[in-house]
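Residues per chain, in single letters:
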Amino acid sequence: MSTIALDNFPKSFLWGASTSAYQVEGAWNEDGKGPSVIDMAPIVEGTTDFKVTSDHYHRYKEDIKLFAELGLKAYRFSIAWTRIFPDGDGEINMKGIAFYNDLINEIIANDIIPIVTMYHFDLPYALAIKGGWSNRTTVDAFANYSKILFEYFGDRVTYWLTINEQNMMILHGDAIGTAANNDNENPLQDLYQQNHHMLLAQAKAMVLCHEMLPTAKIGPAPNISAIYPASSRPEDILAASNCASIRNWLYLDMAVHGRYNNIAWSYLKARNALPIIAEGDMVLMAKAKPDFIAFNYYNTATVAEATSDDFANSTGDQQIVIGEKGLFKGTSNPNLVVNEFGWEIDPVGFRNTFREIYERYTLPLIVTENGLGAFDKIEADGSINDDYRINYLTQHIEQIKYAIEDGVEVFGYCPWSAIDLVSTHQGCVKRYGFIHVDRDEFDLKTLKRSKKKSFYWYQALIKSNN
Ligand code: BG6
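Quick look at the structure, then.

What counts and what doesn't
- In this numbering scheme, every chain counts its residues from 1 along its sequence in written order.
- The predicted origin of the model limits local features to residues at a pLDDT of at least 70 and limits the giving and counting of side-chain atom pairs to 80 or more, whereas totals for whole chains, interfaces and linings rest on all residues.
- Derived side-chain values reflect all non-hydrogen atoms in the structure, with water molecules and hydrogen atoms excluded from consideration.
- Numbering of helices and strands starts at the N terminus; helices are DSSP runs of H or I of at least 4 residues and strands are runs of E of at least 2.
- Put simply, the radius of gyration uses C-alpha atoms, and a globule should come to 2.2 Å times the residue count raised to 0.38.
- Relative accessibility thresholds used throughout: buried, under 20% of the residue-type maximum; exposed, over 50%; partly exposed, between the two (1.4 Å probe, protein chains only).
- Two residues qualify as a contact provided that any one of their heavy atoms is within 4.5 Å of a heavy atom in the partner residue.
- Just so you know, the count uses Lys and Arg for positive and Asp and Glu for negative, and it drops His and the chain ends.
- All charge positions are set by atom: Lys at NZ, Arg at CZ, Asp at CG, Glu at CD.
- Residues adjacent in sequence count toward polar contacts only when both atoms are side-chain atoms; beyond that, a polar contact is any pair of N or O atoms within 3.5 Å, and within protein one must be able to donate a hydrogen and the other to accept it.
- Aromatic pairs are defined between Phe, Tyr and Trp rings, using the six-membered ring for Trp, whenever the two ring centres lie within 6.5 Å; interplanar angles under 30 degrees are classed as stacked, those over 60 as edge-to-face, and all others as tilted.
- Charge over a ring is defined by NZ of Lys or CZ of Arg lying within 6 Å of the ring centre and within 35 degrees of the ring normal.
- By the convention used here, strands pair only if DSSP detects at least 2 bridges between them.
- Axis geometry follows a simple rule: fit a line to the C-alpha atoms, using only the stretch in contact for helices, then measure angles between N-to-C directions, giving values from 0 to 180 degrees.
- Salt bridge criterion: a side-chain nitrogen from Lys or Arg within 4 Å of a carboxyl oxygen from Asp or Glu.

Looking at the overall build of the chain
Of regular secondary structure, the chain possesses 15 helices and 15 strands. For 466 residues, the compact-globule formula gives about 23 Å, and the C-alpha radius of gyration of the chain, at 21 Å, lands near that figure. Judged by the C-alpha coordinates and their principal axes, the chain covers about 60 × 55 × 45 Å. A buried classification covers 60% of the 466 residues belonging to the chain. Expressed as a percentage of contacts within the chain between residues at least 6 apart in sequence, the contacts between residues at least 24 apart total 76%. Of the side-chain charges in the chain, 41 are positive and 58 negative, and the distance between the mean point of each set is 4 Å.

The following block contains the structure:
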């Protein structure tokens, strides 16, 4: 099995793994939980729904025990907003509080550090039908939700992530069921109004967190990837810069510095899509300071100049670049191989991404997602020999090592995913976990857990850093 000498990783490094509530918990309408946009979204053809998923809600004790055996130092999971507030705001559902209290206690009892994402794509449906993020009242609903999370769980949770992949929700909302309100005369303006509201909600949560929990740490969790120009043509380099600003820096410039990225701003201005900024918004944005940056990384993007109408390049999948006429268009990178789902694999791009983020913001970094979706095969003896996953993770961890050598402060790595779960786009046959869950696309089977080869590999790797 591939091994890496982890000599330059700090001993306190948070070797972790990730999941999200709607992809792993199931129990979508149990114990007072309200529906989210995910529960109400049409199911992607040929895939299953998110109603049972891996049944973690009922099996979390068994799962956490396996995570402890895996040797995880940290477990990144998300709280379903609709378990705490079935309608997004208003009355608290105490059964939801009880579930996460039990889950957090179980994690800590197993010597694992909880890392909590407050919102991972699953906006309460009750808020969505009132306009969702287009409606400014959602900002206060989120702030109130975050206050309740800090109040009930802040005594035990130190690491908080505000919003998972806000940039992907804005750029690929259709794929996630959170698209802009297209009744609006100017859908792009509406989209970036939603974005502004999410940025405000995040700022409020960061300020509240620091006021209520002085020793807690909080940060954003976008999907960030280095953007390459398709060639050395100056026009392609400009295109890459445009794409990086609109895809990456818009989100982090606001989270860290409390200001709009100038290139993203001029893009919106040229399209008459500037968000309405209320009095006090920018003061609040500037006041909110993250303690670290969390980011998800699966691959890089390569773009070229886009002058004509052939600028779009999208399958609706959030890892594919959607072009912008006049600014950039996605192209494939001939230097990279792709996985079974057409996603490019770029371990060196991981190092590039670390360096770019750290050089821009000089904040400690944690990776909250990185991994390989694949069709795992169960052998006759029940084993799953996912060497492809081990190779992918090995190559990426090697690049973390180089990034640390480059002087980047990296304090944790939480690959996707701790256990098999339902993928956002391709159902449950696309697997990411260290732990296999016995179910098929439409047949729930036994839901029994078993350890893949990558489980033993990751266990040994973590041990070697002790
Ligand atoms: C990330 C999301 O963008 O990509 C996860 O935060 C998602 O929720 C992951 O599952 C992988 O995407 P997919 O479509 O393969 O599940």
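Focus on the environment of Glu 369
Residue position: Glu 369 is located in strand E12 (residues 365-369). The spatial distance from the C-alpha of Glu 369 to the C-alpha of Phe 77 is 11 Å, given a sequence separation of 292 residues. Of note is the side chain of Glu 369, whose polar atom sits 3.1 Å from the side chain of Asn 296. Side chain to side chain, Glu 369 and Tyr 298 meet in a polar contact 2.6 Å long.

Side note on the packing of aromatic side chains
According to the stated counting rule, one finds 38 aromatic pairs in the structure shown. Look at Tyr 159 and Phe 411: their rings are 5.8 Å apart centre to centre, the planes differ by 25 degrees, and that puts the pair in the stacked class. Placement of Tyr 159 in strand E4 (residues 159-164) and of Phe 411 in strand E13 (residues 410-413) is noted, with a sequence separation of 252 residues between them. Phe 411 matches Tyr 159 in its accessibility class, with the two residues each being buried. By way of ring pairs, the aromatic residues Phe 9, Phe 13, Trp 15, Phe 295, Tyr 297, Phe 350, Phe 354, Tyr 413, Phe 434, Trp 457 and Tyr 458 are connected into one cluster. The ring of Trp 28 carries Lys 51 above its face, with NZ or CZ at 4.3 Å from the centroid. When the ring centre of Phe 341 is taken as reference, the NZ or CZ atom of Lys 430 above it lies at 4.6 Å.

Describing the sheet that holds strand E6 (residues 227-229)
Read across the sheet, three strands follow the order E6-E8-E9 without closing on themselves; strand pairing throughout is mixed. Looking at strand neighbours, the two that pair on one side only are E6 and strand E9 (329-331), the edges of this open sheet. On average, each strand axis in the sheet is tilted by 45 degrees relative to the strand beside it, whichever way the strands run. As paired elements, E6 and strand E8 (residues 301-304) share three bridges and run parallel to each other. Paired with Tyr 228 across the strands is Thr 302, a residue of E8.

Some points on the sheet that holds strand E3 (residues 113-119)
Across the sheet, eight strands lie side by side as E5-E4-E3-E2-E1-E13-E12-E7; this open sheet has parallel pairing. Strands at the two margins of the open sheet, each flanked by one partner only, are strand E5 (217-221) and strand E7 (293-296). The sheet shows a mean angle of 25 degrees between the axes of neighbouring strands, direction not considered. Here strand E2 (residues 74-78) runs beside E3; their pairing, made up of five bridges, is parallel. Bridge pairing in E3 links Phe 77 to Val 116. Here helix H7 (residues 137-153) sits on the sheet and contacts E3, E4 and E5; the angle it forms with E3, its principal contact strand, is near 160 degrees.

Focus on the pattern of salt bridges
Applying the stated criterion across every chain, the model contains 28 salt bridges. In this structure, the salt-bridge partner of Asp 63 is Arg 449, at a minimum N-O distance of 2.8 Å. Of this pair, Asp 63 sits in helix H3 (residues 56-70) while Arg 449 is found in strand E15 (residues 449-451), placing the two residues 386 residues apart along the sequence. Residue Asp 63 is classed as buried on the basis of its relative accessible area of 0%.

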